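This is what each chain is made of:
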Amino acid sequence: MFVILSSASDFSRFADSVQFKLLGPFFIISGLMFLVFRKFPIKCPYCARVLPVKKDWTCPNCKKKQGKDRYLSEKCVHCREIPATGSCDLCQKTFRL
């Protein structure tokens, strides 16, 4: 929902709303979740091997290697897409991230 604030009274009413008061905790939790899931290793659902989240991965969209170690949650340097799938180094199976 978008709100257009046209005057100071509109802003004061919006500042008193429940939605405005929940913005702070929402951004704090979102930031913590981003840091937690970006840095923690991923387990292969097929062979249960723990995979590093920072490696020289091959993009599932353009099929090109990144050229250096990068997080799996980052965009590809070639096609600028975030990968939706990953592959295991041991069993070579593809799974959703």
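Only a predicted model underlies this, so the values are computations on that prediction, with no experimental measurement involved. (Residues numbered from 1 in each chain as written. Predicted model: local features only at pLDDT ≥ 70, side-chain atom pairs only at ≥ 80, totals over all residues. Heavy atoms only, no water.)

(A) Examining the environment of Leu72 more closely. Position of Leu72 among the secondary structure elements: in the loop between strand 4 (70–71) and strand 5 (85–87). Sequence separation between Leu72 and Ile82 is 10 residues, and the spatial gap between their C-alpha atoms is 8.0 Å. Not counting residues within four places of it along the chain, the set of residues in contact with Leu72 comprises Ile42, Pro52, Val53, Lys55, Trp57, Pro83 and Leu97. (Helix = DSSP H or I, 4+ residues; strand = E, 2+ residues; numbered from the N terminus. Contact = heavy atoms within 4.5 Å.)

(B) Inspection of the confidence of the model for the protein chain at higher detail. Taken as a whole, the protein chain shows an average pLDDT of 84; of its residues, 92% reach a score of 70 or greater. The least confident element of the protein chain, judged by mean pLDDT, is helix 1 (residues 8–15) at 77; the most confident is strand 6 (residues 94–96) at 88. (pLDDT = per-residue confidence, 0-100.)

(C) Structural detail: the pattern of salt bridges. Counted under the stated rule, the structure contains two salt bridges. When the shortest N-O distance is used, the salt bridge between Lys55 and Asp89 registers 3.1 Å. Of the two residues, Lys55 is situated in strand 3 (residues 54–55) and Asp89 in the loop between strand 5 and strand 6; the sequence distance between them amounts to 34 residues. Since its relative accessible area comes to 40%, Asp89 is described here as partly exposed. Notably, a salt bridge pairs Arg70 with Glu74, separated by 3.7 Å at the nearest N-O pair. Residue classification places Glu74 among the partly exposed positions, given a relative accessible area of 22%. (Salt bridge = Lys/Arg side-chain N within 4 Å of Asp/Glu carboxyl O. Buried < 20%, exposed > 50% of the residue type's maximum accessible area, 1.4 Å probe, protein only.)

(D) Expanded view of unusual backbone geometry. Not every positive phi belongs to a glycine, and Lys63 is a case in point at roughly 65°. Structurally, Lys63 can be placed in the loop between strand 3 and strand 4. You will see that Gln92, though not glycine, has its phi angle at about 65°, which is positive. Secondary-structure assignment places Gln92 in the loop between strand 5 and strand 6. Taking relative accessible area as the criterion, Gln92 reaches 58% and is therefore assigned exposed.

(E) Quick look at the packing of aromatic side chains. Following the criterion strictly, the structure yields one aromatic pair and no others. Pairing Phe26 with Phe27 gives two aromatic rings, centres 5.4 Å apart and planes at 65°, and the pair type is edge-to-face. (Phe/Tyr/Trp six-rings, centres within 6.5 Å; stacked < 30°, edge-to-face > 60°.)

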